[in-house]
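Each chain, letter by letter, is given below.
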Amino acid sequence: MRSRAALPRLTSFLFLLFLPLALSYSRPQWVLQRVPVVLPQQTTTQPAPHFLSPARLEVSSRCDPECHKRAPQPSYWDLQNLLAYETLHSNGQLTETAIGIYGYNPNPNTSPAYSSGSSGKSELSHVRRKRQIFGHDGRFSIAGQNFLLKFPFSVSVKLSTGCSGTLVGNRHVLTAAHCVHDGKNYVKGAQKLRVGFLKPKQREAHLSSSYFRTNFTNHVEGGPAPYIPPTNDKMKFQWIRAKRTHVPKGWIKGNANDIGMDYDYALLELKKSHKRSHMKLGVSPPAQRLPGRRVHFSGFDNDRPGQLVYRFCRAGEETSDLLYQHCDAQPGASGSGVYARMWDGRRRRWERKVIGVFSGHQWVERQGASQEFNVAVRITPLKYAQICYWIKGNFMDCREG
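This report concerns the structure included in the present document. (Residues numbered from 1 in each chain as written. Predicted model: local features only at pLDDT ≥ 70, side-chain atom pairs only at ≥ 80, totals over all residues. Heavy atoms only, no water.)

1. Here we look at helix α7 (residues 381–392)
Thought 1: For α7, spanning twelve residues, the distance from its first C-alpha to its last is 16 Å, which sits close to the expected 16 Å at 1.5 Å a residue.
Thought 2: Of all twelve residues making up α7, eleven are buried, and the element is well covered by its neighbours.
Thought 3: Every buried residue belonging to α7 is among Pro381, Leu382, Lys383, Tyr384, Ala385, Gln386, Ile387, Cys388, Tyr389, Trp390 and Ile391, and all of these are buried.
Thought 4: Positive backbone phi, approximately 75 degrees, marks glycine 393, located one or two places after α7. (Helix = DSSP H or I, 4+ residues; strand = E, 2+ residues; numbered from the N terminus. Expected span 1.5 Å × (residues − 1). Buried < 20%, exposed > 50% of the residue type's maximum accessible area, 1.4 Å probe, protein only.)

2. Describing the nonpolar core
Thought 1: Among the nonpolar cores identified, the biggest contains 73 residues, and Leu174, Val247, Trp251, Tyr265, Leu281 and Ile387 are the most heavily contacted of them.
Thought 2: In terms of residue count, the dominant contributor to this core is α7 (seven residues).
Thought 3: Counting residues in hydrophobic clusters, the runner-up holds 17 residues, among them Ala315, Ala333, Ala340 and Met342. (Core = buried A, V, L, I, M, F, W, Y, C linked by side-chain atoms within 4.5 Å.)

3. Section: the side chain of threonine 95
Thought 1: Within the element layout of this structure, threonine 95 appears in strand β3 (residues 94–102).
Thought 2: Setting aside its immediate chain neighbours within four residues, threonine 95 contacts Thr43, Thr44, Thr45, Gln46, Tyr85, Glu86, Thr87 and His89. (Contact = heavy atoms within 4.5 Å.)

4. A look at the pairing of strand β13 (residues 308–318)
Thought 1: The element β13 is extensively covered by neighbouring structure, given that ten of its eleven residues are classed as buried.
Thought 2: Pairing geometry for strand β4 (residues 140–142) and β13, over three bridges, is antiparallel. In the strand pairing of β13, phenylalanine 140 is matched with tyrosine 310.
Thought 3: As judged from the two bridges shared by β13 and strand β14 (residues 322–325), these two strands associate in the antiparallel manner. Within β14, the residue paired with glutamate 318 across the bridge is leucine 323.
Thought 4: Hairpin connection between β13 and β14: a loop of three residues separates the two successive antiparallel strands. (Pairing = 2+ DSSP bridges.)

5. Structural notes on the pairing of strand β7 (residues 172–175)
Thought 1: Burial along β7 is two-sided: the residues His172 and Leu174 and Val173 and Thr175 are all buried.
Thought 2: Looking at chain direction, strand β6 (residues 164–169) and β7 are connected through three bridges and run antiparallel. Among the inter-strand pairings, leucine 167 is bridged to a residue of β7, identified as valine 173.
Thought 3: Here β6 folds back onto β7 in antiparallel fashion, the turn holding two residues.
Thought 4: Pairing geometry for β7 and strand β10 (residues 266–270), over four bridges, is antiparallel. From the neighbouring strand, histidine 172 faces β10, where its bridge partner is glutamate 269.

6. Points about the packing of aromatic side chains
Thought 1: Under the definition given, this model contains ten aromatic pairs.
Thought 2: Summarising the aromatic geometry, the rings of phenylalanine 297 and phenylalanine 358 are spaced 4.6 Å apart at their centres and angled 25 degrees between planes, so their arrangement reads as stacked. In this pair, phenylalanine 297 is assigned in strand β12 (residues 294–299) and phenylalanine 358 in strand β16 (residues 349–366), connecting sequence segments 61 residues apart.
Thought 3: Owing to a relative accessible area of 0%, phenylalanine 297 belongs among the buried residues under this scheme. (Phe/Tyr/Trp six-rings, centres within 6.5 Å; stacked < 30°, edge-to-face > 60°.)

7. Digging into the pattern of salt bridges
Thought 1: One pass over the structure, following the stated rule, counts ten salt bridges.
Thought 2: Between lysine 249 and glutamate 86 there is a salt bridge, with the nearest N and O atoms lying 3.5 Å from each other. Remark: glutamate 86 occurs in strand β2 (residues 85–89) and lysine 249 occurs in helix α6 (residues 249–254); sequence separation between them is 163 residues. Just as lysine 249 is buried, glutamate 86 falls in that class too.
Thought 3: Across the pair glutamate 351 and arginine 349 runs a salt bridge whose closest N-O atoms are separated by 3.3 Å.
Thought 4: Judged by its relative accessible area of 12%, glutamate 351 is buried.
Thought 5: Overall, the relative accessible area of 42% leaves arginine 349 in the partly exposed class.
Thought 6: Through salt bridges with shared partners, a single ionic network connects Glu86, Glu96 and Lys249. (Salt bridge = Lys/Arg side-chain N within 4 Å of Asp/Glu carboxyl O.)

Everything listed is a geometric property; what it means functionally is a separate question.
Set out below in structure tokens:
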């Protein structure tokens, strides 16, 4: 029998469960836009990395949201340097590629899909009672291959360095830069980086409720996951080696501080194709345009080993490059793809798209007191153009995001 303490949570679940039905009448839509072109210009060989330091699953920055908002807008030449990138090859070779930017409009307010509607007023007044957990832990462990192997949970993967990632192509994984590079050099294990696909060891019995089997992933983004019986099945990973790893110079130059946090993303190219569906990229819309102002992501939190953990939460403050939120998370979840589900008017269907990369837990000093945030790196039009080119290899396939 459920305790009385569980009743408020059940009530909230029922409310949020039917909220998407009400929102569907207004149909928050993906706004497609022309994005700039980011093309490689010249590639040079760099000295071999050291691979000495272990990956840090938590990163920190002295720059809080107001600090980021006050930062001067990068010039065209700044952006060329920040979006230049290094490529680590599986044989240990390191190259650096200069890029050119074409069709770039430096005014973000001209973009209806990307401009931020934030007033600048802080919404981060919540108090943490446990590090990276806000009050009641709202995370849900996804159990059973009926769910683990079903989209969107099937796009979540684990990195051998301890982070998470998201499938964004037939052989491409989007993750956080700090999972492979500490800002100064590539981390231990980055040369032989592997990507793990979670699978149950043995096939479990089907759940008795066909309703949850067929409707779970449609409703989960509008409310907490329905109760799933615990399973004793041990989980295992099937691993695929990474062939190439792309890291923007904005992360390396920033050394994980100040503006460097804006570029905490990396793309992995696998040595062979996987057999799962992947999630599309999308330019990050302002938080106020997201259904229920909510974001979602799944990852492999360290405190729940061998489990895929899903969460959603309301987005808070945002800058041009970062999204601050109160999603409960623990180290290991960083690198997860933050996504939203909205209506695609062109294809006439609901579509989930990755709009950011979960960077992780960050702390700053504000007015003499320590404050903590969970932060995601937004996929801006320029970042979309860059990541899409890394995946497609053809800028003509990356003109709309």
